[in-house]
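Here is what each chain is made of, one letter per residue.
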Amino acid sequence: MPTSEDVDALLADIRAEMSSVLGLSDAEAVARINEQWGALDLSGEDEIILHEDGYYWALAIYYGGDVPDWSPDADRSSWRPRPAPPADSPSWTIRG
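*Asks:* Lay out the overall build of the protein with the relevant residues and their values.
*Replies:* From N to C terminus, the protein includes three helices and zero strands. In sequence order, the secondary structure elements of the protein are arranged as α-α-α. At 13 Å, the protein has a C-alpha radius of gyration in line with the 12 Å of a compact globule built from 96 residues. In terms of principal-axis extent, the alpha carbons of the protein reach across some 35 × 30 × 20 Å. Here the protein, with 96 residues, has 40% of them falling under the buried criterion. Counting contacts in the protein only where the partners sit at least 6 residues apart, residues at least 24 apart contribute 62% of the total.

*Asks:* I'd like a description of the packing of helix α2 (residues 26–37) against helix α3 (residues 54–62), backed by residues and values.
*Replies:* Axes are the key here: two packed helices are described by the angle between their axes and the distance separating the axes. Running from N to C, α2 and α3 cross one another at 80 degrees; their axes reach a closest spacing of 10 Å. Comparing their axes, α3 and α2 come out roughly perpendicular. Counted together, Arg32, Ile33, Gln36 and Trp37 of α2 and Trp57, Ile61 and Tyr62 of α3 form the full contact between these two elements.

*Asks:* How would you summarise the pattern of salt bridges if you had to cite specific residues and measurements?
*Replies:* This model, assessed by the stated rule, comprises three salt bridges. One salt bridge connects arginine 15 with aspartate 26, and the closest N-O pair in it is separated by 2.9 Å. Of this pair, arginine 15 sits in helix α1 (residues 5–22) while aspartate 26 sits in helix α2, placing them eleven residues apart in sequence. Of the residues examined, arginine 15 reaches a relative accessible area of 27% and is grouped as partly exposed. Across the pair glutamate 28 and arginine 32 runs a salt bridge, and its minimum N-O distance is 2.8 Å. Placement of the pair is glutamate 28 and arginine 32 together in helix α2, with a separation of four residues, close to one helical turn. Both residues of the pair, glutamate 28 and arginine 32, belong to the buried class.

*Asks:* Lay out the environment of isoleucine 49 with the relevant residues and their values.
*Replies:* Along the polypeptide, isoleucine 49 turns up in the loop between α2 and α3. Sequence separation of isoleucine 49 and valine 7 is 42 residues, and the distance between their C-alpha atoms is 7.9 Å. Ignoring any residue separated from it by four or fewer positions in sequence, one finds isoleucine 49 in contact with Val7, Leu10, Trp37, Leu42 and Trp57.

Basis of the calculations
Residues numbered from 1 in each chain as written. Predicted model: local features only at pLDDT ≥ 70, side-chain atom pairs only at ≥ 80, totals over all residues. Heavy atoms only, no water. Helix = DSSP H or I, 4+ residues; strand = E, 2+ residues; numbered from the N terminus. Rg over C-alpha atoms; globule rule 2.2 N^0.38 Å. Buried < 20%, exposed > 50% of the residue type's maximum accessible area, 1.4 Å probe, protein only. Contact = heavy atoms within 4.5 Å. Axes fitted to C-alpha atoms, helices over the stretch in contact; angles between N-to-C directions. Parallel < 35°, antiparallel > 145°, perpendicular 65-115°, else oblique. Salt bridge = Lys/Arg side-chain N within 4 Å of Asp/Glu carboxyl O.

As structure tokens, then:
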């Protein structure tokens, strides 16, 4: 997807948050991000996604926007994540 430098940095931060907070592999984090925004042009200097941080987007993407508690120490054991993209989805651009 076309992105600006600021969006590139945010996407890297989202991937890192998904790995550290949610325990996802880099491949799954990238696939989920691609599924969320892969069809969009995010090359503008003031993209709406830039108005939130990587932690916010990591949880919003993983849980499909249904985040009952945004605190870092929330008990997420009963929350239901959205399914990962199917294995044959073009969202999977890296494997591992």
